[in-house]
Structures are given as C-alpha cells and as structure tokens.
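Okay, here's what each chain looks like letter by letter:
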Amino acid sequence: MAKFVYDFTEGNKDLKDLLGGKGANLAEMTNLGLPVPPGFTITTEACRHYLEHGGFPDGLEDEVDRHLAELERTMGKRLGQSDDPLLVSVRSGAKFSMPGMMETVLNVGLNDESVHGLAAQAGDERFAWDSYRRLVQMFGGTVLGIDGELFEDAVEDAKKARGTKDDVDLTAEDFKDLVERFKGIVREQAGREFPTDPREQMDLAVRAVFDSWNADRAILYRRQERIPVDLGTAVNICSMVFGNLGMDSGTGVAFTRDPASGQQGIYGDYLQNAQGEDVVAGIRNTVPLTELERLDRTSYDQLLQIMEKLENHYLDMCDIEFTIERGKLWMLQTRVGKRTAAAAFRIACQLLDQGLIDADEAARRVKGDQLAQLMFPRFTSTIDGITKLTRGMNASPGAAVGKVVFTSERAVELAERGEDVILVRRETNPDDLAGMMAAQGVLTSRGGKTSHAAVVARGMGKTCVCGAEELDVDVKAGRVTAPDGTTVTEGDVISIDGSSGDVFLGEVPVEDSPVVRYFEGGLTAADGDDLVKAVDRLMRHADERAALAVRANADNPEDSARARRFGARGIGLCRTEHMFLGDRRRLVETLILAEDDAGRRAALDDLEPLQRSDFEGIFEAMDGQPVTIRLIDPPLHEFLPDLTELSVKVALAGDGADPRDRSLLEAVNRLHEQNPMLGLRGVRLGLVIPGLFGMQVRAIAEAAAARRAAGGDPRPEIMIPLVGAVQELEAVRDEAREILAAVAAETGVDVPALIGTMIELPRAALTAGQIAEAAEFFSFGTNDLTQTTWGFSRDDVEAAFFSRYLELGIFGVSPFETLDRDGVGRLVRIAAQEGRRARPGLKLGICGEHGGDPDSVHFCHEVGLDYVSCSPFRVPVARLEAGRAAI
Ligand code: PEP
Ligand code: MG
C-alpha cells in the first residue's frame, strides 16, 4: 500500500516529487542535524488523489493518526492539550516553489481552553490571545474562504479604539475581544461555528492546502512559470515555534549570497517579536540581518554556521527561513534560492572558482532565458534633467518605463490596450500576480528583498524596486508622494531601475547592456565587469561542449553581420520574400499583373539584379559560412493592396479610376483564397508562376560567382519551401541545377550550391525517405509544421483561444513557442531518421521559431540535428543551450 505520510526524519532532498520542495528540504535539514521543529509531510500523491476523487485516499487518516501520535510523543504534549497544547502549522509545499501562491495555517490546535494553557506555559496572556486570533483569521480566510478584509477591518477598529496605529499596542483584552469578533465573522460569513476540535482544525486545513493547488492565483503562477498542472502539493505539519514571544524572539529570512548580485555575504531581513509570514508579506518593516549580531549574538553565530553548512551541502546558494524563540534558533525552511539572471552567472563562476562545482555543472546552473534577460537594454548613465524621486531596494534588475497604475486590475486593463505600465503598491500580495505579469515593472514602498514583490518579480525576470520607504503610496487616492513633495498620479510616466533601485519621474532613455556590447565585440571580457567575465567563461564552455551549431535567421547584411558577431555559424533561413517589400512591391505587382510571358519576363528581369545585390551583401557578411536561402514562400496576394481598401478606392473613383488600380483589384480578387496558408504558396508558387524561382536561383548563382571572383568564399544553400511530395522538389531541383550550370558556364566560376528542402508539412515528414533522395539537406520549418500538425492557424489561435487551453492545462505552453515533442517532435524524429537512412550524412537543421527556444534546442540536440537557426538576438541563448544540452 502506498505510503502517504513521511516523518521529517524519513525523507531527503531528492524526494521533491513526493514531498514537495519544502518537505524534502525540511527532511534533509533534519537529517543534517540542524534544529528543525519535528513534524511530518503528507505526500503530493495524497493531494493528487484528493483532487481527482474529492476525498482523502484510503489509509491516509490512519497514517496521519500514527504520525501525529508519534509527534505528540516526541513533543511530550498532545495537539490542543488544554494545559499545554501542541500547536502545529499546516503548510503547502509543491515540487516547485510557488511563493505565497498557496495556503498556510498557523497555530492549529488553539481553542477556548488551550489558549489558557498556552498563556500559562508562555507566561504571556497577550501572546496566547494574539496567536488564537491569528488562527481564527487564517483559518477563516484560508479554510473557509472568508474575505480577509473583514478581519483586517476588525483589527483596524480595535486599533482605533485603542488610539494606536500599531498592533504592538493592542492588549490581551483587545485580542480576546477580537477572537470573539472573528468568531462572529466566521458564523456570519461561513454559516458555521469556528471548529474548536484541534484534529478537525488540522484536517480541514490539510484539505484547504490541497484545494489551494487550484486557486486562481496558483493556476496563473504555474502558467507563467511553466509548472505542470498535475503535480499537486504536499502538506507539511510542523510543530509550532514562536517568534512572537517577546523581544528575544523573532523571525527572519536569509540568503547565503546576495540573490540580486551573487556577492557572498550576509543577506536577509529580520523582524523581532513577529510570527510567520510577517517578513515575507512585507507588512512590517524589517531590519537587515546583520542587526541580529547585535540583538542576539549566539543565534547569529549559529545561523552563520548553519548557512555555511547548507551552502557546502547543497553546493549552491540557499535561502532559508528561521525563527528564534526566546533565544533558541529554529530552521523552518531552506531551498536552493531563486536568483536574478546576473547572480546566476556570477554564482556559478564563484562556485567554480571555489572548486565546489565543475565547469559542466556551472553551465547547468545558468539558463538561456537568464542570458536573454541580461541582454535587455538598461538606462543610460547620463540622466541630466531627469528628476530622481527616490532610491528603493534593487530587488530585481532591469530598466522599466511605464505609466503608473495602482491596482492589478488597472495594470491588466492598460496592458491589454498595449500600454506599458508600472504597478505601484505599498506591498504586493498573491492577488497582485496578474498585474505584476502585465506590468513592465513593480515598485513598492514597503518590504525587503525577500518580500512577496521581490521574490515573485525575480522569479518572473521582471524589474522590481521594493521598500522605497520615502514614497508615500496612497492607493485609494491614486497618488504617490516623493520626499520633495512631488506627486505622481495614475497615468504619469516613471522609470524604475531594478539594478540600482532608483526611481525617476518621466522616461529615462535606455542603452545596450554590457553583455550585448560584449557579444557585439565592443567590450572584451578582460575589460568587462565580473558579470561579463562570467558570461564569457560559461559561453566558451558551452561552445566547447555543443554538438549543435547555431545559425541565424537573417535576410539582410546588417542582421547577418550582427548574427555573426553573436556567434552564428551561418544563416539557416534567409526569407527572400522580405526582399520584395518597400519600393520593390511595385515590381512584384507588375509581375503579378503581367498578361503574357514577355511582360512577366520583363518584371523578373527588373527584380533579378536587386536580388543579386541582396545576396552578395549577405554572402559577404557570412563569408566562409553556409547561407541557406529560402525561395519565395508566401501567397502573392500578400504583396498586393488590401481588398476592401482597394475596392472602396476604385468604387469611389468611379469611371475615373486608375486603370492600374482596376487591374490590381482584378488580381486581388483572382488571387483571393479562403485559406491562404494552405493555398498557393511555397513550392506551389514556384511551379505555377514560370520563371519566379528560376530568377531567384540565377540571382543566387550570379551573386556567389561575383563574390568568388572578388576573392570571397560564398557557401549558398538553396531551400525549397512547403514541399509535400518529392515530385514537387524534383521539378524545382532540376530547373535549379540547369540554371546553376548555365551561370557557371557564363561566368566561368563554379560555386557549388546545395539544394534542399524545408520539412514543414506532415506529409513531407512522413515521406522523408523519398524526399531525401532529391534533397541535400532538410530544414524543419516547425512554425508551419506545428500549424499543419495541430491544425492551428498560426496567425489566429494564440489570440483566439490559447489562454483558455493553457488554463485547462491542455498544454503548459504554446506549441508555437516550445516544440511539442509528442506530436510535432515525433514527426521531426521520423523525418530525421528516414531522411538519414535514405541519404546518410543528410544535413539537418531547424529554422522555425523554436530554434531559439531553450527546451526546443535540447530536443533538437536529442534528435541529432546538425544545427538550429534563430533570430540574431537569440543566437547567444541558443549557443548556451546547445552546450547545456550536450552536458
Ligand atoms: C516555418 O514554417 O517554420 C518557417 C521557418 O517558415 P516561415 O515561418 O517563413 O513560414
Ligand atoms: Mg514555413
């Protein structure tokens, strides 16, 4: 029979799937001999059963009974015992950390009797009643779903009656009254009494934690973080220790290194005489952890020792939560800490230097998405004439500019209209998640680097400045006031710098990041700071390890040159239709309107020299590297004016309409298709419009010959799009070969050119063995292959219904973003295998958008492709991931 409950002494850090991150790490710390309050963990498997069947699995309750009895024995007191109660916390803990997204209930076990026992044991009446009212409040909100504001308002009333603004001034009597009021709220709102049976409290709290897996904010967070929907959460039942037993008690969070910069040192926040979530929630202002040295030297020294032990054990930066109860230190949580992108690179190299990890492991510790973040622009250093409002804490780096909004709803609303916004709050809570996602950046006036806003923003890679205490944020009035009296209201533009913590009024200009300057070659690793050095070091290692080459999708010399500077080893996709836009559109129109062969020929003759010079430029920029040129792909109507606009224009002009407009309108109507994506495009166009592909092949051959004559080393690869049958390819290939031979004869320069095809239709993938007979290379066009495999119109579905699909968990991420391994990926595998079987050594690449997506790069490595091709700016990301995939 399945085991659903593990004592902390039974688990270990590798059991995260089963025990969740928190449970697995509590067990690990217990087994390391660290001071962890005893407790046990109910598995994610039990949660999954509960969510699926709506009830606890058979045997769970018995197991909980046994573990609770064991815990009671260890602690020498029973849950809720009236003269000396064992109290427990009931906390969620999924495999992946979801800060603040799910539920926690503290002080379970208190009731009208045991509150007296607690008071007697603690020798503190006020503390006991405060703990009790916290239980009713948390239980009411979390388990019974009562609006938290009702409780908050009652606390406010009590403070008003006492003539104070601070909880600290409330007395035992006040809390006693609050307990009664809270119970009244429960009665009114939930239609039931607050349960006084300790075991019932615990069971209901466990259910609430399980249920919180499917809370809206948790669903939203998982989608953002791409956490699978079906993992479920574990529940940790832990004996309570109290940080609110007086000034010799407190609670705090700490990092073994700075999560923003990666520097070693003492980082964290501490709050004296406080319980539980007070620090993370950022509700009261904390003191820096270094203050603890002064307040409680013994606990401080012990904490530092534990932090060092944890780093050396986990071989990584850890974050921890701890509580001090009357001078005794307790560890409540640890995990490998979330960090900013810059810190990830720095920390990996620091650990490498310390000899704690090797270079492969260092490369594993950084991700392509983090590198992408480091390539975002930042504010210029010259900010003359711009008002600095204040400086807060640099919680999550980046340069964000946008209009001030004060609520999550407003952030979402304006962002949907395409506006950039900065969400400004006193502090954020999990309900602000949608607004944080919609905003360019987040600014709070309260809370430290470990506050909700900071932790969540860092996880999202979103710019965040927190704890800007000098700002007076009045959300109700929709106003922020700076220390110099400047007021900012909704809609005013501000700029926030998550790297320095600076907040500016107005828009600060941005500049390239040093990492981009490094890739561009303008900044050498030797001249760069430690971040640039770390990036350089890990990129070199990734390049050494990578089996996949990285090419770029580029269709002009500038992009090609940039891609090359960024480390591209060739071009994997040059979309020639991009060369037919702008002024050249008219030439394409003439081609389409041509009434006979002579007219068509003339139009093609006009286009050919333009194409030739385009290709010459690209060959020059990519000298010595392969350049895959894809012959024109989209349906021709895309080059003609819009049907409705043109119809109106012709109709309005009546008899006086321009004859060219009339012909154009006729052509637009003739070429109109219900499903252009599945219509006359790609190779079909080449077979239907005589001379079109031929013109392009000639331009390629002549450009290559000219480059060769000029001493260059052009390496053209000609790619035929949207092939579904080998016969289509054969026809085009034969014509192309003839033209290549003719140009070689005319110019006296023979530049070899590979002729290959895109694999972007399921039929092409399934008949890849036949197609390979006629193709010297395949490039997977996974944009179209995804479109045609799923039957999803790539231009429509993301806006139309993907958000619903994501919500329903039909997929965790859009298949246009990350390659669908099971379906589209299966076709890629089949085509790769059958293609290579027919033609050993067949060159294989990918040029759909997936070529720059980290997970898809790993897939391409697994399938054994030769290269991935992506936009120039993604090239470093793909290089890093290609290396990581090979480790
Ligand atoms: C593709 O379909 O994946 C591809 C690269 O071609 P395009 O996006 O131009 O259709
Ligand atoms: Mg395509």
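Named according to an unreviewed UniProt entry, the protein is Pyruvate, phosphate dikinase originating from Actinomadura algeriensis.

(A) Spotlight on the overall build of the protein. Scanning the protein from N- to C-terminus turns up 35 helices and 31 strands. Scaling as 2.2 N^0.38, a compact globule of 887 residues should have a C-alpha radius of gyration of about 29 Å, and the protein matches this with 32 Å. When its C-alpha atoms are laid out on the principal axes, the protein stretches across 105 × 60 × 55 Å. Per-residue burial over the protein gives 52% buried out of 887 residues. Long-range contacts, defined as pairs at least 24 residues apart, comprise 68% of the intrachain contacts of the protein with a sequence gap of at least 6.

(B) Geometry of the sheet that holds strand 20 (residues 487–489). The 3 strands are arranged 18-19-20 in an open sheet whose pairing can be described as antiparallel. The two strands at the open ends of the sheet, each matched to only one other strand, are strand 18 (472–474) and strand 20. Taking the axes of each pair of neighbouring strands and ignoring which way they run, one obtains an average angle of 15° across the sheet. In terms of strand pairing, strand 19 (residues 479–481) meets strand 20 through 3 bridges, oriented antiparallel. Directly across from threonine 481, in strand 20, lies its bridge partner threonine 487.

(C) Molecular detail of helix 7 (residues 172–190). For helix 7, which comprises 19 residues, the first-to-last C-alpha distance of 26 Å matches the rise-based estimate of 27 Å (1.5 Å per residue) to within 8%. When we look at burial in helix 7, the residues that qualify are Asp174, Phe175, Leu178, Val179, Phe182, Ile185 and Val186. Each buried residue of helix 7 lies within a common arc of 145° when the element is viewed along its axis, so the set occupies one face. When the buried face of helix 7 is taken as reference, the exposed residues oriented beyond 90 degrees from it are Glu180, Gly184, Arg187 and Glu188. Where helix 7 is buried, its residues meet helix 5 (125–143) and helix 6 (148–162).

(D) Region of interest: the pairing of strand 16 (residues 441–444). Neither face of strand 16 is open: one carries Gly441 and Leu443, the other Val442 and Thr444, and all of them are buried. Summarising the sheet, strand 15 (residues 421–425) and strand 16 pair through 4 bridges and their orientation is parallel. Looking at strand 16, one finds that valine 424 is bridged to leucine 443. Crossover handedness for the path strand 15 to helix 16 (residues 433–438) to strand 16: right-handed. Where strand 16 lies against strand 17 (residues 463–466), 3 bridges are found, and the strand directions are parallel. When the bridges of strand 17 are listed, valine 442 appears paired with cysteine 464.

(E) Layout of the pairing of strand 21 (residues 493–497). Of all 5 residues in strand 21, 4 are buried; the element is thus mostly enclosed. Sheet analysis places strand 14 (residues 399–405) next to strand 21, joined by 5 bridges and oriented antiparallel. The residue bridging valine 401 from the neighbouring strand is serine 495, located in strand 21. Two strands pair when backbone bridges link them, and strand 21 and strand 22 (residues 502–505) are joined in this way by 3 bridges, in the antiparallel orientation. Of the residues in strand 22, the one forming a bridge with isoleucine 496 is valine 503. The antiparallel pairing of strand 21 with strand 22 creates a hairpin that spans 4 residues between the two strands, and glycine 501 there sits at a positive phi of about 90°.

(F) Up close: the site of ligand 1. All residues adjacent to ligand 1 are Leu573, Arg575, Asp633, Glu760, Gly781, Thr782, Asn783, Asp784, Cys847 and Gly848. Those elements that provide at least two residues to the shell around ligand 1 are strand 25 (571–575) and helix 30 (782–790). For the shell around ligand 1, the element with the most residues is helix 30, which contributes 3 residues. Residue classes in the shell around ligand 1 are distributed as 2 nonpolar, 4 polar and 4 charged.

(G) Up close: the packing of helix 5 against helix 7. Packing of helix 5 against helix 7 brings their axes to within 8 Å, and their N-to-C directions diverge by 20°. Considering the angle they form, helix 5 stands roughly parallel to helix 7. Crossing handedness for the pair helix 5 and helix 7: left-handed. Residues Glu125, Arg126, Trp129, Asp130, Tyr132, Arg133, Val136, Gln137 and Gly140 of helix 5 form the contact with helix 7, whose participating residues are Ala172, Phe175, Lys176, Leu178, Val179, Phe182, Lys183, Ile185 and Val186. Residues that form the contact of helix 5 with helix 7 fall into these classes: 10 nonpolar, 2 polar and 6 charged.

(H) Representation of the nonpolar core in the model. Residues Phe345, Ala348 and Val868 are the most contacted members of the largest nonpolar core, which totals 258 residues. With 11 residues, the single largest contributor to this core is helix 26 (residues 692–709). The residues touching valine 868, leaving out its near neighbours within four places in the chain, are Leu548, Val550, Gly845, Ile846, Gly851, Val857, Cys860, Ala878 and Ala882.

(I) Geometry of the sheet that holds strand 1 (residues 5–7). Spatial strand order, 1-2-5-3-4: 5 strands in an open sheet with antiparallel pairing. Each end of this open sheet is capped by a strand with a single partner; those strands are strand 1 and strand 4 (104–108). Sheet twist, expressed as the average angle between the axes of neighbouring strands with direction ignored, equals 20°. Note: strand 2 (residues 39–42) against strand 5 (residues 233–239), 4 bridges, orientation antiparallel. Along strand 5, the bridge assignment pairs isoleucine 42 with valine 235.

(J) Structural detail: the packing of helix 5 against helix 8 (residues 198–212). Running from amino to carboxyl end, helix 5 crosses helix 8 at an angle of 45°, the nearest separation of the two axes being 10 Å. Considering the angle they form, helix 5 stands oblique to helix 8. Considering the relative orientation of helix 5 and helix 8, their crossing is left-handed. In contact with Phe139, Thr142 and Val143 of helix 5, helix 8 contributes Gln201, Leu204, Ala205 and Ala208. Counted by class, the contact of helix 5 with helix 8 contains 5 nonpolar, 2 polar and no charged residues.

Calculation notes
- Residues numbered from 1 in each chain as written.
- Chains lettered and ligands numbered in written order.
- Predicted model: local features only at pLDDT ≥ 70, side-chain atom pairs only at ≥ 80, totals over all residues.
- Helix = DSSP H or I, 4+ residues; strand = E, 2+ residues; numbered from the N terminus.
- Rg over C-alpha atoms; globule rule 2.2 N^0.38 Å.
- Buried ≥ 20, exposed ≤ 12 C-beta atoms within 10 Å, placed from the backbone.
- Contact = placed C-beta atoms within 7 Å.
- Pairing = 2+ DSSP bridges.
- Axes fitted to C-alpha atoms, helices over the stretch in contact; angles between N-to-C directions.
- Expected span 1.5 Å × (residues − 1).
- Arc of directions from axis to C-beta.
- Right-handed = clockwise from strand over helix to strand, strands pointing away.
- Near = placed C-beta within 6 Å.
- Nonpolar A, V, L, I, M, F, W, Y, C, P; charged D, E, K, R; others polar.
- Parallel < 35°, antiparallel > 145°, perpendicular 65-115°, else oblique.
- Left-handed = near helix turned anticlockwise from the far one by under 90°.
- Core = buried A, V, L, I, M, F, W, Y, C linked by C-beta atoms within 7 Å.

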